[in-house]
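In case you want the letters, here they are:
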Protein chains: 2
Amino acid sequence: MGLLNETLLKIEPQDTDYRHRARNHLEQLTMPHWALGRLMDLAIDIAGITRSLTPAHEKRTVLVMAGDHGVASEGVSKYPKEVTVQMVKNFTAGGAAVNALAQQAKASIVIVDMGVDGDLDELVKNNQLVSCKIRRGTSSITSGPAMKKEEAIRSIEGGISAVLLHAADADIIGTGDMGIGNTTPSSAITACITESRPEDVTGRGTGIDDRVLKHKIGVVKKALSVNSPDKNNAIDVLSKVGGFEIGGIAGVILAAASLQKPVLVDGFISTAGALIAALLAPDAKDYMIAAHNSVEHGHMLAWKWLGKKPLLDLDLRLGEGTGAVLAMNLIEAAIRIMTEVSTFDEAEVSKA
Amino acid sequence: MGLLNETLLKIEPQDTDYRHRARNHLEQLTMPHWALGRLMDLAIDIAGITRSLTPAHEKRTVLVMAGDHGVASEGVSKYPKEVTVQMVKNFTAGGAAVNALAQQAKASIVIVDMGVDGDLDELVKNNQLVSCKIRRGTSSITSGPAMKKEEAIRSIEGGISAVLLHAADADIIGTGDMGIGNTTPSSAITACITESRPEDVTGRGTGIDDRVLKHKIGVVKKALSVNSPDKNNAIDVLSKVGGFEIGGIAGVILAAASLQKPVLVDGFISTAGALIAALLAPDAKDYMIAAHNSVEHGHMLAWKWLGKKPLLDLDLRLGEGTGAVLAMNLIEAAIRIMTEVSTFDEAEVSKA
């Protein structure tokens, strides 16, 4: 049995007993009932995920999955394809936004080459980059499938391995992405699985204008009509209109779920990976924490399908895991509420 | 000249030159244009406030202003008045929600007795509590003014002094409140200054039911009709329908503005203080950062009047400064983006 199937078999729902115990405890805290709202809902989720009323929160890892896309040659992005390689180097040099925000959140960063079109051997040799490279970029989804079915499975297993090897001791995991052109396959995946119109899930990505946006919507439509992905079959969707880093993100989420760790799902590319993960293992949704709502309007349609309400809404549209690391502090805050606040009895405060 | 007037004279608008310089720098960073949205807007504000492109962010202080309210005897809250004293003790013992969240944000807490109806001398003696006590609770706003005009000025000056003595070295300041019954005067202040109907700015506070809410709206209406506060005169509004801790919060904000420090304004009681501060010194608005949007629906009307969009929206309704400390991490994140992310040229990343 392969790593993917093994991982899927380990995924169970959140523990309802720990959820109840967390709720009962939170209701005794010295504050009006549920006065910290969504932080308290989050604390219940973390208790149900970790099977603990005193979960650890200090070790945090964001996995930034990088890959290139054949569809980038169709002029769907504002940036040339070379930027994927350049940004991977920027991540390893510590100069990107996710580096700065991970510093703030005290998170470590694992950068994974899932299929970047460039030679990154030097970085791998120096342990600055993890290689799960499937190949140098997907094929263009406008003329056939992005990848073979075996490659789709290998990309998911790459994400699983990355967690097992580099984040198995993390208390909180985050997803991130880099790949010029990757909002296009993410739109195709989201349109297919959530059964939405391409125009409702296709946005401006890096900042394209109206003319390019119209073209991009056409590209998404063409990819879907050329490939006819089966919305109930995750491997079919991923292989036909996906990307290597999107498969990797699905793997990261599945691994986190199998290890009973909370996983903060980042932007639009990450929710595309989350849709794939949720099709493979519906219970994996129990481990996903929606980090933020991005400017890409398809993002919210993905959150709705996943049954999630994002924590932050700050007009981000960068990816890289930036929203995921920003939200790590909120998980710590929720845990501290659960573990550090006195009850009415302990503090001798009068009840209502 | 008194401390209040001295402080008001020191308040100047944000520095537009630093705002421009921050914007120019942020536009060079290795990411699509403005891809971190509101974090980048926030970075510009912090540059304009601090007159620096490398502002410090490590020292953080939240000032929790506590006071009692004569109107609490009208049955507007779910909790008995004694809870104010009990919660002040809980703060000093480290057992309240704001303590847990301040730990998360690495913020120190200064608790200020602005007018609690209880004997807290022991805590003051032990340096656990700052005393700016005006008197033991305001008079009920349903039968006349909450306080004398001199008391209103002293309450604001108390807040200013608290900052000058206990937070003058802080890089980021936050406001907080404690006072059973204090959503009622906050509703009266907000209705008066924003020219809103009492029913549009009066909420459930600690969690009152429909019957009590109806009564509370009646109390706010009565307070306004009995006192006829002048919406253009901050001292008139504060003295007639305010509270000691609300005056204290206004003072904290004015002091932060005079010291050119960002001040995170917390919940509905804090925005009532912010409205008073903004009437006294419109430029003080330049220093206010809207921490969050609470469940109290009047909160958003106050933010609109202040011209602010809150950073967080997590269904909080606790006060204490909990939302303010939660948002401190976002200020750090914004500053790190401005100071740590490489430019396109530095990282040799291709531009669009």
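Residues numbered from 1 in each chain as written. Chains lettered and ligands numbered in written order. Predicted model: local features only at pLDDT ≥ 70, side-chain atom pairs only at ≥ 80, totals over all residues. Heavy atoms only, no water.

K.L.:
Give a description of the overall build of chain A that names residues and reports values.
P.N.:
Across its full length, chain A carries 16 helices and six strands. Taken against the 2.2 N^0.38 rule, which gives 20 Å for 352 residues, the C-alpha radius of gyration of chain A at 20 Å falls within 12% of a compact globule. Referenced to the eigenvectors of the C-alpha coordinate spread, the extents of chain A come out at roughly 70 × 45 × 40 Å. Per-residue burial over chain A gives 66% buried out of 352 residues. Long-range contacts, defined here as pairs at least 24 residues apart, represent 75% of the contacts in chain A between residues at least 6 apart. (Helix = DSSP H or I, 4+ residues; strand = E, 2+ residues; numbered from the N terminus. Rg over C-alpha atoms; globule rule 2.2 N^0.38 Å. Buried < 20%, exposed > 50% of the residue type's maximum accessible area, 1.4 Å probe, protein only. Contact = heavy atoms within 4.5 Å.)

K.L.:
Let's hear about the domain arrangement of chain A: which residues, and what values?
P.N.:
All names here are of chain A. Segmentation of chain A into domains returns domain 1 (3-55 + 336-347) and domain 2 (60-329). Each of domain 1 and domain 2 has a C-alpha centre, and these two points are 28 Å apart. Around 1,700 Å² of area is buried between domain 1 and domain 2 when both sides are counted, 67% of it from carbon and sulfur atoms. Along the contact surface separating domain 1 from domain 2 lie zero salt bridges. When residues of the side of domain 1 that touches domain 2 are traced back to their parent elements, those giving at least two are α1 (3-9) and α3 (37-50). For the side of domain 1 that touches domain 2, the element with the most residues is α3, which contributes six residues. The class makeup of the residues in the side of domain 1 that touches domain 2 is eight nonpolar, three polar and five charged. (Domains from an automatic or database assignment. Buried area = accessible area lost by both parts, 1.4 Å probe. Salt bridge = Lys/Arg side-chain N within 4 Å of Asp/Glu carboxyl O. Nonpolar A, V, L, I, M, F, W, Y, C, P; charged D, E, K, R; others polar.)

K.L.:
Please give an account of the pairing of strand β1 (residues 60-67) of chain A that cites residues and values.
P.N.:
All names here are of chain A. Most of β1 is tucked away: eight of the eight residues are buried. Burial along β1 is two-sided: Arg60, Val62, Val64 and Ala66 and Thr61, Leu63, Met65 and Gly67, pointing in opposite directions, are all buried. Relative to strand β4 (residues 172-178), β1 is paired through seven bridges, and the arrangement is parallel. Bridging across to β4, Val62 finds its partner in Gly174. Bridge count between β1 and strand β2 (residues 108-115): seven bridges; the pairing is parallel. Bridging from a neighbouring strand, Val62 pairs with Ile109 of β2. (Pairing = 2+ DSSP bridges.)

K.L.:
Describe helix α10 (residues 210-227) of chain A, with residues and values.
P.N.:
Residues and elements named next belong to chain A. Compared with an ideal rise of 1.5 Å per residue, which puts 18 residues at 26 Å, α10 spans 26 Å between its outermost C-alpha atoms and is within 8% of the ideal. Three or more residues of α10 are buried, namely Val212, Leu213, Lys216, Ile217, Val219, Val220, Ala223, Leu224 and Asn227. Projected down its long axis, α10 shows its buried positions confined to an angular sector of 155°, all on one face. α10 presents Asp210, Arg211, Lys214 and Ser225 as exposed residues on the side facing more than 90 degrees away from its buried surface. Elements that come into contact with the buried residues of α10 comprise α8 (183-194), α9 (198-201) and α11 (234-241). If you check the start of α10, you find a side-chain oxygen 3.2 Å away from the backbone N of Arg211, and it comes from Asp209. Positive phi shows up at Ser228, right after α10, with a value of about 40°. (Expected span 1.5 Å × (residues − 1). Arc of directions from axis to C-beta. Polar contact = N/O pair within 3.5 Å; in protein donor to acceptor, adjacent residues only side chain to side chain.)

K.L.:
Now, about the environment of Ser143(A): what can you tell me, with residues and values included?
P.N.:
Among the secondary structure elements, Ser143(A) is positioned in the loop between β3 (130-131) and α7 (149-166). For Ser143(A), a relative accessible area of 64% puts it in the exposed group.

K.L.:
Hey, could you go over the packing of helix α13 (residues 268-280) of chain A against helix α14 (residues 297-306) of chain A for me, with residue numbers and the actual values?
P.N.:
All names here are of chain A. At a minimum axis separation of 9 Å, α13 and α14 run at an interaxial angle of 25°. Classified by the angle between their axes, α13 and α14 sit roughly parallel to one another. Crossing handedness for the pair α13 and α14: left-handed. In contact with Phe268, Thr271, Ala274, Leu275, Ala278 and Leu279 of α13, α14 contributes Gly298, His299, Ala302, Trp303, Trp305 and Leu306. Here the residues of the contact of α13 with α14 sort into nine nonpolar, three polar and no charged. (Axes fitted to C-alpha atoms, helices over the stretch in contact; angles between N-to-C directions. Parallel < 35°, antiparallel > 145°, perpendicular 65-115°, else oblique. Left-handed = near helix turned anticlockwise from the far one by under 90°.)

K.L.:
Account for the packing of aromatic side chains, naming residues and giving values.
P.N.:
Evaluated as defined, the whole model comprises two aromatic pairs over all chains. An angle of 10° between the planes, with centres 6.3 Å apart, marks the rings of Tyr79(A) and Phe344(B) as stacked. You can see Tyr79(A) sitting in the loop between β1 and α4 (83-93) and its partner Phe344(B) sitting in helix α16 (residues 344-347), one on each of two chains. Both residues of the pair, Tyr79(A) and Phe344(B), belong to the buried class. Positioned over the ring face of Trp34(A) is Arg23(A), at 5.0 Å from the centre of the ring. (Phe/Tyr/Trp six-rings, centres within 6.5 Å; stacked < 30°, edge-to-face > 60°. Lys NZ or Arg CZ within 6 Å of the ring centre and 35° of its normal.)

K.L.:
I'd love a proper account of the sheet that holds strand β4 (residues 172-178) of chain B, names of residues and values included.
P.N.:
All names here are of chain B. Strand order in the open sheet made by the six strands is β3-β2-β1-β4-β5-β6, with parallel pairing throughout. The sheet is open, and its two edges are formed by β3 (130-131) and β6 (288-290), each paired on a single side. Examined bridge by bridge, β4 and strand β5 (residues 263-265) share two bridges and lie parallel to one another. The residue bridging Gly174 from the neighbouring strand is Leu264, located in β5.

K.L.:
Go over the sheet that holds β1(A) with me, naming the residues and quoting the values.
P.N.:
Sheet strands pair by backbone hydrogen bonding; their relative direction is either parallel or antiparallel. Residue and element names in this part refer to chain A. One open sheet holds the six strands; their spatial order is β3-β2-β1-β4-β5-β6, and the pairing between them is parallel. Since the sheet does not close on itself, it has two edges, and those belong to β3 and β6 (288-290), each with one partner. The strands that α7 touches are β1, β2, β3 and β4; relative to β2, the one it contacts most, it runs at about 155°.

K.L.:
Explain the interface of chain B and chain A to me, and be specific about the residues and the numbers.
P.N.:
Across the boundary between the two partners, chain B contributes 55 residues, which contact 55 residues of chain A. Summing both sides of the interface, chain B and chain A together bury roughly 4,400 Å²; the carbon and sulfur share of this comes to 63%. It is Tyr79(B), Gln104(B) and Leu314(B) that lose the most area in chain B upon contact with chain A, and together they represent 13% of the buried surface on that side. For the pair chain B and chain A, the number of links is zero salt bridges. At the boundary of chain B and chain A, one finds 16 residue pairs in polar contact (both at pLDDT 80 or more). Listed by contribution, the elements that provide at least two residues to the side of chain B that touches chain A are α3 (37-50), α4 (83-93), α5 (97-105), α15 (322-340) and α16 of chain B. Among the elements that line the side of chain B that touches chain A, the one with the most residues is α15(B), at nine residues. Here the residues of the side of chain B that touches chain A sort into 28 nonpolar, 14 polar and 13 charged.

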